[in-house]
Structures are given as structure tokens and as C-alpha cells.
Amino acid sequence: MSISIPALSPRTPQQQQQQGALPPVLHIDTPAETMDWLARKRGSLLSAIAEHGAVLVRGMDLHHPAQVGNILHCLGLAPMTEREAFTPRQGYANGVYSSAKWPPNQPMCMHHELSYADTFPSVLLFACLSPPTVGGATALADSAAVLDALPSAVSERFAREGWLLARSYGNDIGASLAESFGTDDREEIEDYCRAHAITLAWQPDGTLVTRQRRPAVLRHPVTGRICWFNQIAFLNEWTIDPEVRAYLLAEYGPNGLPFNTFHGNGDSIPPETVGLINSVYEAHTVRRPWEAGDLLIVDNLRTAHSREAFQGPREVVVAMGAPLHSHDCAPTIEVSSP
């Protein structure tokens, strides 16, 4: 098998300061043999992912979600079952899911998968089974560089206080209770929330309202790098399309939004702060167009990801692996109920 591998040595300080460095690419010439190769080289490959934040494997013959689950197994990564989803997904075997159901004409902002949960996947596998005709790239941003670029007045407050996520389930927007918690049984949902530091309140109309306080900054357990790790901007009301936001407020009121974020002490986050975070993300965003069969392996703690608007069919599945608890990442605050 012929595989060309770029130098994956540690980056120099000058390279680390560069914004927008694309991740390394592995070119596979004989895709039928790649599973064995991945199993043999998984140690060095995972080290490269931790160092660079992501690696793109190009030339694989990927056509089915089951193949992606097999890759997770070859890399020795335990599959993770998604809980607390905010949009519906189709679930496949071995921790593989469809892309989140998000309007194709609207971009999905930078975020880290399940960064609002106390346990999250440390590694993500994105596999392109069918590329779109226009747009639709899964863009990346270095979370350590983003943290360094944020004004200290913004980053230090979130590091000190954490952030708070408020959610409202049951208005036929986003994921249902069963899709988020794996059940619609109230007692089981309440048990889950108690076990994961989430406060909850059932409303008279059956709507469930929850709040959870999470750290905004974590230390990478392998590299030791301090990373901006959250969904403060993505899930904030000021990132929602203005027309959609106006409709939701008119229909459900400020406390009925499907999700919103706050400072850790409960203070509202000004739109200027949300815009600033998104602009820093954009300044550090890199992207490559998808090709059929591409496999993008992402260190979920080190690298944020987004999705561009697109046209035409797009089938990109994601496998979530190697669950990690936030207390293993030296959080600046402990996970707690607000």
C-alpha cells in the first residue's frame, strides 16, 4: 500500500502563532488496506491529531456509516452514545450518527461537540459519503489560538465564572425529549439530570426547562494546552437568524427559547460579546471542500468545527469516540448545577 504522510513533527513557535493552518492530509492509494494500516498506526496517528488538532485522510472508499464505526474500532476509540442533543439525528451502530438536522441555507457556527455536557467525545470522525454540489465544508478552528486571541476581559470572566446553558424542550423545536435523553419517561429524565448537574422544572404545558453551568476553558489532558471549549456563542440567542429569533420570542417568549447561554452567574451576554467571539472564530477558521470518501479526524477539545451553508445532497456522518469527563481536563470551575 502506498501512503504519503506529511511530516507530523511538533510545530515551531512561529508556526503555532500562524492563524489558519490547515491540518495535515494523508493520501490513501489502496483504500482496501487502510483498516489494517489504521490499526497498526493508531498510536502515532492519534498523537498527530492531538498535536495538530485534526488530520484529513483522503482517498478512502467510504460509502456506509458502518465503515465509520469500524474505523473507530480500528483506532481503539470507545464509541459514545449522544445525550442532550439539541437537534435530531439518525443514529447508526457503534457511535455513528447523521449530521445534525440544520437548515442547509444557514451555516452552523463554530462549536465543540457536546461541550455543554459533563462528558463529551474527545475524538470525532467526520466521513463524507456524498459531497454537496456547493459549499457544505466542515470548517475548523484551533481552540487554543482562539482563547489566546480573545480579549482578556472576555476570556477571564468566562474562565472564572464558566457559562450557563438554558434549554426549553417540548415546543416542537429542535430535539425532542426522547431524542435528547434517550427516553421520554419523566423519572428517568429527572434521574439523568440529577446525575449530570442539571437543574430542571416541568412546566404546566409539559415543557421541560433545564439549566446547567459548565466550564468555558479546559486543559488538554495529552498536550497540556489551555483551550476555549464551549458553545457560548453558537447557542446564544444573538447568533440565531434575526427573523427566526423574532418569531421564537413572539411565539414562546424569552424563557421559551429552545436554547440560550449566559454568563456563569446568570447575567445576560451582550450581543457585542457574542459577535466578538464569532469574529475571533472566523479569523481562525480554515476549510477544505469535501471530496467523496474523505475522513476528517478531529480532536474535539483542541479543535472547534462548523458547517457551511450548502446546496445539493450532502451526506456527512460523524462518529463520537473516547468519552472524556470535564473534571479530567483541569477545568477552571467545577461542573455544577446553577
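In case you missed it, the structure is sitting above this.
S.K.: Help me understand unusual backbone geometry in this model?
M.R.: The general pattern is negative phi for most residues beyond glycine and trans for most peptide bonds. Backbone geometry at A197 places phi at a positive 55°, although glycine is not the residue there. Look at A330: it is not a glycine, yet its phi comes out positive at around 45°. Among the structural elements, A330 can be located in the segment after β19 (315-325).

S.K.: Please explain the packing of aromatic side chains as it appears in this structure.
M.R.: Scanning all chains against the criterion turns up nine aromatic pairs. On the basis of an interplanar angle of 85° and a centroid distance of 6.2 Å, the ring pair of F86 and W102 is categorised as edge-to-face. Separated by 16 residues along the polypeptide, F86 in the loop between α4 (65-74) and β4 (96-98) and W102 in the loop between β4 and β5 (108-111) bring together distant segments of the chain. An identical accessibility class is assigned to F86 and W102; each is buried. Measuring from centroid to centroid gives 5.6 Å for F181 and Y192, while their planes differ by 75°, and the two rings are edge-to-face.

S.K.: When you look at the environment of A137 in this model, what are you seeing that I'm missing?
M.R.: Locating A137 in the fold gives a position in the loop between β7 (134-135) and β8 (138-142). The class of A137 is buried, set by a relative accessible area of 4%. Spatially, the C-alpha atom of A137 lies 23 Å from that of N236, the residues being 99 residues apart in sequence. Those residues in contact with A137, other than ones at most four positions away along the chain, are R287, R288, W290, S306, R307, E308 and R314.

S.K.: What am I meant to see in the side chain of D299 here?
M.R.: Note that D299 resides in strand β16 (residues 295-299). As a buried residue without a salt bridge, D299 has its nearest oppositely charged side chain in R302, at a separation of 6.3 Å. One polar contact links the side chain of D299 to the main-chain amide nitrogen of R302, over a distance of 3.0 Å. Setting aside its immediate chain neighbours within four residues, D299 contacts I49, A50, G53, S122 and H220.

S.K.: I would appreciate a short explanation of the pattern of salt bridges in the present structure.
M.R.: Pairs can form between side chains of opposite charge once their charged atoms are near each other. As enumerated under the stated definition, the model contains 11 salt bridges in all. Of the charged contacts in the structure, one is a salt bridge between R157 and D267, with a shortest N-O distance of 2.8 Å. Of this pair, R157 sits in helix α6 (residues 152-161) while D267 sits in the loop between β14 (259-263) and α10 (271-283), and the two are 110 residues apart along the sequence. On the basis of relative accessibility, which here comes to 21%, the residue R157 falls in the partly exposed class. We note a salt bridge from E308 to R287, for which the minimum N-O separation is 2.4 Å. One end of the pair, E308, is in the loop between β17 (303-307) and β18 (310-311); the other, R287, is in the loop between β15 (285-286) and β16, with 21 residues separating them in the sequence. According to the relative accessible area criterion, E308 is partly exposed, its value standing at 22%. Here the salt bridges share partners, and the residues they tie into one network are R58, E291 and D294.

Analysis parameters
- Residues numbered from 1 in each chain as written.
- Predicted model: local features only at pLDDT ≥ 70, side-chain atom pairs only at ≥ 80, totals over all residues.
- Heavy atoms only, no water.
- Helix = DSSP H or I, 4+ residues; strand = E, 2+ residues; numbered from the N terminus.
- Phe/Tyr/Trp six-rings, centres within 6.5 Å; stacked < 30°, edge-to-face > 60°.
- Buried < 20%, exposed > 50% of the residue type's maximum accessible area, 1.4 Å probe, protein only.
- Contact = heavy atoms within 4.5 Å.
- Lys, Arg positive; Asp, Glu negative; His and termini not counted.
- Salt bridge = Lys/Arg side-chain N within 4 Å of Asp/Glu carboxyl O.
- Polar contact = N/O pair within 3.5 Å; in protein donor to acceptor, adjacent residues only side chain to side chain.

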